[in-house]
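Tertiary structure, described
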Amino acid sequence: MYADIIIDISHEQLDKTFQYAVPDDMDGSVDIGTSVRVPFGKGNRIITGYVIGLTDKPSYPVDKIKSIDSVVTGKVNVAKSMIKLAAWLKRHYGCTMNQALKTVIPVKDEVGHKQKKSVCLLVDTKKAQELISIYEKKAKAKYRLMCALIDEPVIDMEIVKDKLNISPATVKALEADGIINVKVESYYRNPVSDKHIFNKKVVLNEEQQRAVDTIVEDYDNKAFNTYLIRGVTGSGKTEVYLDVIEHTINSGRQVIMLIPEIALTFQTVQRFYHRFGDKVSIINSRMSKGERYDQFVRALKGEISIMIGPRSALFTQFPNLGLIVIDEEHEGAYISEQVPRYHAKDLAIHIAKEAGASVILGSATPSIDSYYRAEAGEYKLIELNNRAGEASLPQVYIADMRQELKTGNRTIFSRKLYELISDRLNKHEQIMLFLNKRGTAGFVSCRSCGYVMKCPHCDVSMTLHRNGKLVCHYCGYETPNVSLCPECGSKYILGFKAGTEAVEDAVKKMFPAARVLRMDMDTTKGKGGHENILSAFATEQADILIGTQMIVKGHDFPKVTLVGVVAADISLYASDYKAVERTFQLITQAAGRAGRGERKGEVVIQTYSPDNYGLLCAAEQNYKSFYEQEMSYRKLLSYPPVNNMVKINISSINEKLLSERAGNIKALIQQYIQDNNTVKDDKIIVLGPSNASIYKIKDIYTKQIYLRSSSFKALELIMDMLDNNINGSSDYKNINIAYDVN
């Protein structure tokens, strides 16, 4: 037998298969997906690789084919379906096969199961009593253990050691005499804890039931579609998911439930665990290697039916996948920041198609792309226009911070927000204050000459933290804050106070009696950080929760009756065509946290751009109005989803070489379009190369070329052409290429 092997080096020049002979003594132990060691190169150095094909026909003269050295133990083998998926990722997102393989294997190393040891009494009660009489005077440790075992014939080893203070030597001695034995059991690490907070059985309203019936009827008829559920905040989308999931697992199939943030795991898991018990598990990057490996094995064996987690949960290898649910489908967290830069939504639809499964996308503010596809009939659209139960949408106020400044209010709170915070504290109701920043200051600048403190390694301003350090949030570089401007020597070099810590300080100063929690990247670094803060707020241990984006996504706190959006337009003017869409989604989601229980909610949106259509539509919770206005701009400018777009990121540590090669790449593209009749008529627009919005990160420069076309196939062909011309070429040895698709 001969194995086609992809070498475990993510280098474009090696992005091809190499054939090796399978030694006779390895027959049966080498299969597709097996990790192996092979001799490679002229020096025959031993490196690892993955088997992606097996054949009995050699592709080269047999005497030139080297043999596999050994099988790698302790590594998780890749299922054939995962190799097929990796090939799709490579083709669709322009990456190496190795990068694709590493993406689809979220759990790479085998980890031994945890073991539980118990001490068991082997002799009968009469014999045990005789031994107690013997041990009482001469062997106090044996006496204590035997007395305990008469009352409880099986005792956990931890209790034997810690509570009874029995040494391992005593246990071994009794075991050698045949009086006891030590039973060893392997068990799975279970990352789900505190499972019984939600204890309510919800009766679906008419809209919710209609949504469930539509999806279930199609499922039973084996019509596995993609559904977009657009439901206003608080409309009960999760209850719809739960009913459809129950139907799916009752039919003997499994479910992947994607959530955009680890912070959402806490509440989601409680609701799912209450409904489905031990059939539920979670997987995420905060878990230990052992926890992740155990969940991988449990899913593979079919011991669990529902896997909850962020986008990496998509690669769970269930034996019979029937449904994928993507909650808050509009979230940017579903787009991978590493190569391959895949979108979890598109990948989920592809996985479901291969498995014969359904996909549910849910959001109060669907991405423009998803709603466009639903209108075109590519997805089935289901709308929930009313909040579940008796709850109503909150009253929203827009506070014009320009007017506040004119009337002498120099605090970070408008008069309206200050008044409502005071009111809620008096009524013992809860408040959420949202700000899309972290740190004490956005940046430090000189008021005299305009100099901004920037990272020497990245083309971005540094952020001032409370410990007096200036920190780069891209590469982690730190330096002490300055008191004099390095450029002009002025002492008027200060930070712009607009971070979560600054909001926390202002709240504590204005409302000293309030109990305050802050939730951002800095306060949730450790394992369980999100859960601890959210649990404390859910159990009313705090009056005010201050936070960044993670506090406004999908959480359900019935006692929250006020949401304050402290700086609504920070993200409104980013250099990104989706800036208004993202701001609209964020503000709508934030507003949706208020008034989800019996009491009416209120929201204050503080802004310097009160006339912006994104903010006005968010205040009205009017998705359709926003969609229509935004689409008119997209059509005018030929942006997605009207057209397809690929951003080619070209990076190098050598700035001069980067400029030359970026120009060469553009010339390659233009020549290909001119010579190739397949793509010539697709009206491909080529823009750039231009500097990336952050030109230098960690001393690496990046330029970008944009391609736009109504035909995605044409853009795929261009990506393939570039890979064929660039991979393996010495001219591009120190150049890195990555693609962002749509």
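In short, a report on the structure.

Conventions we followed
- Starting from 1, residues in each chain are numbered consecutively following that chain's sequence as written.
- Totals for whole chains, interfaces and linings use every residue, but because this is a predicted model, local features are given only for residues with pLDDT of at least 70 and side-chain atom pairs only at 80 or more, for both listing and counting.
- Hydrogens and water molecules were not included; the side-chain quantities draw on all heavy atoms of the structure.
- For helices the rule is a DSSP run of H or I covering at least 4 residues; for strands it is a run of E covering at least 2, with both sets numbered from the N terminus onward.
- Summary of the burial criterion: residues with accessible area below 20% of their type's maximum are buried, those above 50% are exposed, and those between are partly exposed, where the area comes from a 1.4 Å probe applied to protein chains only.
- Between two residues, a contact is recorded if the distance between any of their heavy atoms is within 4.5 Å.
- Residue-level accessible areas treat just the shown protein chains as cover; the underlying method is Shrake-Rupley with a 1.4 Å probe.
- Patches here are clusters of residues that have more than 30% relative accessible area and form no salt bridge, with a 9 Å joining cutoff for like charges and a 5 Å cutoff for nonpolar side chains (Val, Leu, Ile, Met, Phe, Trp, Tyr).
- A pair is scored as a salt bridge if a Lys or Arg side-chain nitrogen falls within 4 Å of a carboxyl oxygen belonging to Asp or Glu.
- Note on aromatic contacts: the rings of Phe and Tyr and the six-membered ring of Trp form a pair at centre separations within 6.5 Å, being stacked when their planes are under 30 degrees apart, edge-to-face when over 60 apart, and tilted otherwise.
- Nonpolar cores were defined as sets of buried Ala, Val, Leu, Ile, Met, Phe, Trp, Tyr and Cys residues, with membership established by side-chain atoms within 4.5 Å.
- When DSSP finds at least two bridges between two strands, those strands are taken to pair.
- Fitting a line to C-alpha atoms yields each axis, with helices limited to the stretch in contact; the angle taken between N-to-C directions then spans 0 to 180 degrees.
- Each angle is binned into one of four classes, with values under 35 degrees roughly parallel, values over 145 roughly antiparallel, values of 65 to 115 roughly perpendicular, and all other values oblique.
- Left-handed describes a crossing whose near helix is turned anticlockwise from the far helix through less than a right angle; right-handed describes the clockwise counterpart.
- When residue character is reported, Ala, Val, Leu, Ile, Met, Phe, Trp, Tyr, Cys and Pro are called nonpolar, Asp, Glu, Lys and Arg charged, and the others, Gly included, polar.

What follows is about the overall build of the protein. Of regular secondary structure, the protein possesses 22 helices and 30 strands. By the burial criterion, 52% of the 742 residues in the protein qualify as buried. Sequence separation of 24 or more characterises 73% of the internal contacts of the protein that already satisfy a separation of 6 or more. A total accessible area of about 34100 Å² is found for the protein, and carbon and sulfur atoms account for 48% of it.

So, about a nonpolar patch on the surface. Taken together, the side chains of Y633, L636 and L637 present a nonpolar region at the surface, about 340 Å² in accessible area. On the secondary structure map, Y633 appears in helix α19 (residues 623-637). You can call Y633 partly exposed: its relative accessible area is 42%.

Applying the stated criterion across every chain yields a total of 30 salt bridges. In this structure, E246 engages R275 in a salt bridge whose closest nitrogen and oxygen atoms are separated by 2.9 Å. On the criterion of sequence distance, the pair formed by E246 in helix α8 (residues 237-250) and R275 in helix α9 (residues 265-276) is long-range, its members being 29 residues apart. Judged by its relative accessible area of 30%, E246 is partly exposed. For the salt bridge of E504 with R518, the shortest nitrogen-to-oxygen distance reads 2.8 Å. One end of the pair, E504, is in helix α15 (residues 500-510); the other, R518, is in strand β23 (residues 516-519), and 14 residues separate them in sequence. The pair formed by E504 and R518 is uniform in burial state, with each residue classed as buried.

Under the definition given, this model contains 15 aromatic pairs. Seen in terms of ring centroids, Y219 and F224 are 5.5 Å apart; in terms of plane orientation they differ by 75 degrees. Their pairing is edge-to-face. Judged by relative accessible area, which is 9%, Y219 ranks as buried. Within the aromatic cluster, the residues linked to one another by ring pairs are Y371, F584, Y613, Y623, F626, Y627 and Y633.

What follows concerns the nonpolar core. Among soluble globular proteins, nonpolar side chains are generally buried collectively. If you look at the biggest cluster of nonpolar residues, it comprises 108 residues, and the most contacted ones within it are I324, I648 and I669. If you tally residues by element for this core, the top one is helix α22 (residues 712-726), at 8 residues. With residues up to four places along the chain from it excluded, the contact list for I324 reads I256, L314, A348, I351, A352, S358, V359 and I360. Counting 30 residues, the second-largest nonpolar core is a separate cluster that includes V212, V240, Y241 and L323.

A few words now on the sheet that holds strand β20 (residues 469-471). Sheet strands pair by backbone hydrogen bonding; their relative direction is either parallel or antiparallel. Strand order in the open sheet formed by 3 strands is β19-β20-β21, with antiparallel pairing between adjacent strands. Of all strands in the sheet, those bounded by a partner on one side alone are β19 (463-464) and β21 (478-480). Note that β19 and β20 share 2 bridges and pair antiparallel. Its bridge partner lying in β20, L464 is registered against L470.

Spatially, the 4 strands line up as an open sheet ordered β28-β29-β27-β30, and their pairing is antiparallel. In the strand order of this sheet, the two ends are held by β28 (685-697) and β30 (736-741), each with one partner. Across the sheet, the axes of successive neighbouring strands diverge by a mean angle of 25 degrees, strand direction being ignored. Those strands touched by helix α20 (residues 655-675) are β27 (644-652), β28, β29 (700-709) and β30, and its axis lies near 15 degrees from that of β29.

Another point: the environment of S448. The residue S448 is located in the loop between β18 (441-446) and β19 in this model. Assessed through its relative accessible area of 47%, S448 is described here as partly exposed. Sequence separation between S448 and K491 is 43 residues; the distance between their C-alpha atoms is 8.7 Å. Dropping the residues within four chain positions of it, S448 is found in contact with C488, S490 and Y492.

Strand β17 (residues 430-434) sits mainly inside the fold: 5 of its 5 residues count as buried. Side chains Q430, M432 and F434 project from β17 onto one buried face, and the interleaved I431 and L433 project onto a second face that is buried too. With 5 bridges joining them, β17 and strand β25 (residues 560-565) adopt parallel strand pairing. The residue of β25 that forms the bridge with Q430 is V560. Across 4 bridges, the pairing between β17 and strand β24 (residues 544-547) is parallel. In the sheet register, M432 faces β24, and the bridge partner there is L545.

This part is about helix α12 (residues 368-375). Looking at α12, one finds that the buried residues are I368, S370, Y371, R373 and A374. In this structure, the buried side of α12 is in contact with β9 (226-231), α11 (344-355), β14 (358-363), β15 (380-384), α17 (579-591) and α19. Positive backbone phi, approximately 90 degrees, marks G377, located one or two places after α12.

The next subject is the packing of α17 against helix α18 (residues 613-620). In contact at an axis separation of 9 Å, α17 and α18 are set at 25 degrees when each is read in the N-to-C sense. The orientation of α17 with respect to α18, classified from their angle, is roughly parallel. With respect to the hand of their crossing, α17 and α18 are arranged in right-handed fashion. Touching V580, T583, F584, I587 and T588 of α17 are Y613, G614, L615, C617 and A618, all from α18. For the contact of α17 with α18, the residue count by class is 7 nonpolar, 3 polar and no charged.

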